[in-house]
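# Working through the structure, step by step
If you want the building blocks of each chain, they are given just below.
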Number of protein chains: 2
Amino acid sequence: MKGYLWTGGHGSPGSPDAPVIEGRLAPWEAIAVDAVGNVIEFWGFKRNQGRVWALLYLRGEPLTAGEIERELDLSKGGVSMLLRDLERWGVIQRVRLPQDTVWRYGAETDLVRMVRHVIEEREAGFVARIRADLSEARRLAEMAGEVPSERLERLEKMATLAEHVERALRLFIKTSRLDVSGVLAVFRDGASRRNER
Amino acid sequence: MKGYLWTGGHGSPGSPDAPVIEGRLAPWEAIAVDAVGNVIEFWGFKRNQGRVWALLYLRGEPLTAGEIERELDLSKGGVSMLLRDLERWGVIQRVRLPQDTVWRYGAETDLVRMVRHVIEEREAGFVARIRADLSEARRLAEMAGEVPSERLERLEKMATLAEHVERALRLFIKTSRLDVSGVLAVFRDGASRRNER
DNA sequence: GGTGCAGTTCAAGCGGTCTTGAACTATATG
DNA sequence: CATATAGTTCAAGACCGCTTGAACTGCACC
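Residues numbered from 1 in each chain as written. Chains lettered and ligands numbered in written order. Predicted model: local features only at pLDDT ≥ 70, side-chain atom pairs only at ≥ 80, totals over all residues. Heavy atoms only, no water.

### Concerning the protein's contact with DNA strand D
Surrounding DNA strand D, one finds 18 residues, the nearest of these being Lys76, Ser80 and Arg84 of chain A together with Asn48 and Ser75 of chain B. Each atom of DNA strand D within 4 Å of the protein was assigned to sugar, phosphate or base; sugar and phosphate come to 50%. Take lysine 76 of chain A: an N or O atom from its side chain is 2.3 Å from a base nitrogen of DNA strand D. In this structure, serine 80 of chain A approaches DNA strand D through a side-chain N or O atom, which is 2.8 Å from a phosphate oxygen. Taken together, the elements giving at least two residues each to the surface near DNA strand D come down to helix 4 (76–88) of chain A together with helix 4 (76–88) of chain B. With five residues, the top contributor of residues to the surface near DNA strand D is helix 4 of chain A. Taken together, the residues that form the surface near DNA strand D break down as seven nonpolar, six polar and five charged. (Near = heavy atom within 4 Å. Polar contact = N/O pair within 3.5 Å; in protein donor to acceptor, adjacent residues only side chain to side chain. Helix = DSSP H or I, 4+ residues; strand = E, 2+ residues; numbered from the N terminus. Nonpolar A, V, L, I, M, F, W, Y, C, P; charged D, E, K, R; others polar.)

Written out as structure tokens, the structure is:
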């Protein structure tokens, strides 16, 4: 039940308690950033991956690792790893401004890619494995003989169900992609100027 | 990244190592039960909730808490809590056979209900909260004034995206229900005889 | 009442993941 | 080359949820 009832950040959004001093994040930014963090955690990612992406997206312009570190009150090493993950998944982009010497990171506006990543990536390795296990179980059960046929049937049905759920999942990916692609157009506002890599 | 690469149970299904002595579960049962456990964990439930359901479903007839405890090698207290959760969600049923004095637990064959539960339940409390947070952030940002309008726009877009994802999710629920309802007919085999509660 | 067994509750411990912080590498600059 | 700053790696530890096991309740039977 991970991320089911999360406690992080601030109590209710409007509550006056602000015990943590988060860099120089504006309150509204903190809330938005944490909201995204919660969603992302819910989807099986790390909370801070979502927070980093949200910060970069809200700011619109690329930030350095140091800035992220300060704004979100994370450790140097942590930021490094988070950024690497996000970059690997293609949800942020590492850019170097012409005059500047340090790397900066800008949000890829395509959040869908992230969601797609979860589902596809996990599904790939995961569902495959489940199916393998189930059919292996079936094989063993048949080999063992003397297994009541009704139980075998139930095993079959379980495998069938797994396949149907899998199909439903695929459908979800497809529809969600379609659904959100409309929004994507809105997102492409060219706010981030990136050049090389 | 919970449940991303899980290690539990047996290595590859066919591997000859069987270090744990799981009650008197047949090997094929162990594999199937664990497979379901993994799926269920993946979906944000407890692994053992899935294992218990799978065992009950495979056996077809109601088992006592003690039997479950032995078969799955769980603790008394754990079984009690797991059964309570599963019963609350309606995925198992507590029955008392006429002659018998102890409670027995039978699998509700409607797995879909479980899936639906995840999505609906979590979505309810969760997505609502996210939206609340985002609109709260918007309110604060507007109140604060002097927030660059482009940033406000990005915040808006984030909320929009959230709503679209939410819609996609709803769609998923609906379609998956439709998709699996066909299978459901197959599942209703009346294998479990239950009477009162 | 007393005994025994089924079932519940919950503090304490365990196990696994995430974060930290220090050591390390890489790169720019004088 | 020396120095400084940016970025990476990873062992140690913080953290958090799950499971355990013992104490407790409830119930049946003698």
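### Overview of the pairing of strand 2 (residues 104–107) of chain B
Residues and elements named next belong to chain B. Side chains Arg104 and Gly106 project from strand 2 onto one buried face, and the interleaved Tyr105 and Ala107 project onto a second face that is buried too. Bridge count for strand 1 (residues 92–95) against strand 2 is four bridges, and the pairing is antiparallel. By the bridge assignment for strand 2, valine 95 is matched with arginine 104. (Buried < 20%, exposed > 50% of the residue type's maximum accessible area, 1.4 Å probe, protein only. Pairing = 2+ DSSP bridges.)

### Some thoughts on the packing of helix 1 (residues 27–42) of chain B against helix 2 (residues 47–59) of chain B
All names here are of chain B. Between helix 1 and helix 2, the shortest axis-to-axis distance is 7 Å and the interhelical angle comes to 135°. It follows from the interaxial angle that helix 1 and helix 2 lie oblique. The way helix 1 lies across helix 2 gives a crossing that is right-handed. For the pair helix 1 and helix 2, the contacting residues are Trp28, Glu29, Ala32, Val33, Asp34, Val36, Gly37, Asn38, Ile40 and Glu41 in the first and Arg47, Gly50, Arg51, Trp53, Ala54, Leu55, Leu58 and Arg59 in the second. The residue inventory of the contact of helix 1 with helix 2, partitioned by class, reads nine nonpolar, three polar and six charged. (Axes fitted to C-alpha atoms, helices over the stretch in contact; angles between N-to-C directions. Parallel < 35°, antiparallel > 145°, perpendicular 65-115°, else oblique. Left-handed = near helix turned anticlockwise from the far one by under 90°. Contact = heavy atoms within 4.5 Å.)

### Observations regarding the packing of aromatic side chains
Evaluation of the coordinates by the stated rule reveals four aromatic pairs over all chains. Here the basic side chain of arginine 96 of chain A rests over the ring of tryptophan 103 of chain A, its NZ or CZ set 4.2 Å away from the ring centre. A cation over an aromatic ring shows up here: arginine 94 of chain B above the ring of tryptophan 103 of chain B, its NZ or CZ 5.2 Å from the ring centre. (Phe/Tyr/Trp six-rings, centres within 6.5 Å; stacked < 30°, edge-to-face > 60°. Lys NZ or Arg CZ within 6 Å of the ring centre and 35° of its normal.)

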